[in-house]
Amino acid sequence: MSRQADDLYRRYMAADTAYRTHAASCDACTCTAPGTDCPAGTRAYESFSTLQAAYLNKLKPRN
């Protein structure tokens, strides 16, 4: 794994942990989706999903 992909993976996992920690203590959020009335959960989940997409895109072979 390249250094850049490794850093991206660490940030992706940190965002996952942050969202799951939030969801565990938030009545509106679940472990799979933010609550519609929880701005903090929505921001944390969007950060996680953006980093996840970027990381998975890095893993795709280039033609």
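Structural notes, computed from the coordinates.

A side chain of one charge can pair with a side chain of the opposite charge if their charged atoms are brought near each other. Per the counting criterion, the structure on display carries three salt bridges. Ionic pairing is found between Asp 6 and Arg 10, a salt bridge with its closest N-O pair at 2.5 Å. Within this pair, Asp 6 and its partner Arg 10 are both found in helix H1 (residues 3-25), separated by four residues, close to a single helical turn. When its relative accessible area of 28% is taken as the criterion, Asp 6 is described as partly exposed. Where Arg 20 meets Asp 16, a salt bridge forms, and the shortest distance between an N and an O atom there is 3.0 Å. Linking Arg 20 with Asp 16, this pair stays in helix H1, spanning four residues, or about one helical turn.

This part takes up the environment of Leu 51. Mapped onto the fold, Leu 51 is located in helix H2 (residues 39-59). Using a relative accessible area of 15% as the deciding quantity, one classes Leu 51 as buried. Leu 51 sits 40 residues away from Arg 11 along the chain, and the two C-alpha atoms are 7.2 Å apart. Beyond its immediate stretch of four places on either side in the chain, Leu 51 contacts Leu 8, Arg 11, Tyr 12 and Ala 15.

A separate point is the environment of Cys 29. Its location among the elements puts Cys 29 in the loop between H1 and H2. Residue Cys 29 is classed as buried on the basis of its relative accessible area of 6%. Between the C-alpha atom of Cys 29 and that of Gly 41, which follows or precedes it by 12 residues, the distance is 6.6 Å. When near neighbours in sequence (up to four residues on either side) are disregarded, Cys 29 contacts Tyr 19, His 22, Ala 23, Pro 34, Gly 35, Cys 38 and Gly 41.

Right, let's talk about the packing of aromatic side chains for a bit. The relation between two aromatic rings is expressed through the spacing of the ring centres and the mutual angle of the planes. Per the stated rule, a full pass over the model turns up six aromatic pairs. Here Tyr 12 and Phe 48 contribute two aromatic rings whose centre-to-centre distance is 5.9 Å and whose plane-to-plane angle is 25 degrees, an arrangement assigned as stacked. With Tyr 12 in helix H1 and Phe 48 in helix H2, the pair connects residues that are 36 residues apart, well separated along the chain. Ring plane angle 75 degrees and centroid distance 5.2 Å describe the contact between Tyr 19 and Tyr 45, whose orientation is recorded as edge-to-face. One end of the pair, Tyr 19, is in helix H1; the other, Tyr 45, is in helix H2, with 26 residues separating them in the sequence.

About the criteria used
- Residues numbered from 1 in each chain as written.
- Predicted model: local features only at pLDDT ≥ 70, side-chain atom pairs only at ≥ 80, totals over all residues.
- Heavy atoms only, no water.
- Salt bridge = Lys/Arg side-chain N within 4 Å of Asp/Glu carboxyl O.
- Helix = DSSP H or I, 4+ residues; strand = E, 2+ residues; numbered from the N terminus.
- Buried < 20%, exposed > 50% of the residue type's maximum accessible area, 1.4 Å probe, protein only.
- Contact = heavy atoms within 4.5 Å.
- Phe/Tyr/Trp six-rings, centres within 6.5 Å; stacked < 30°, edge-to-face > 60°.

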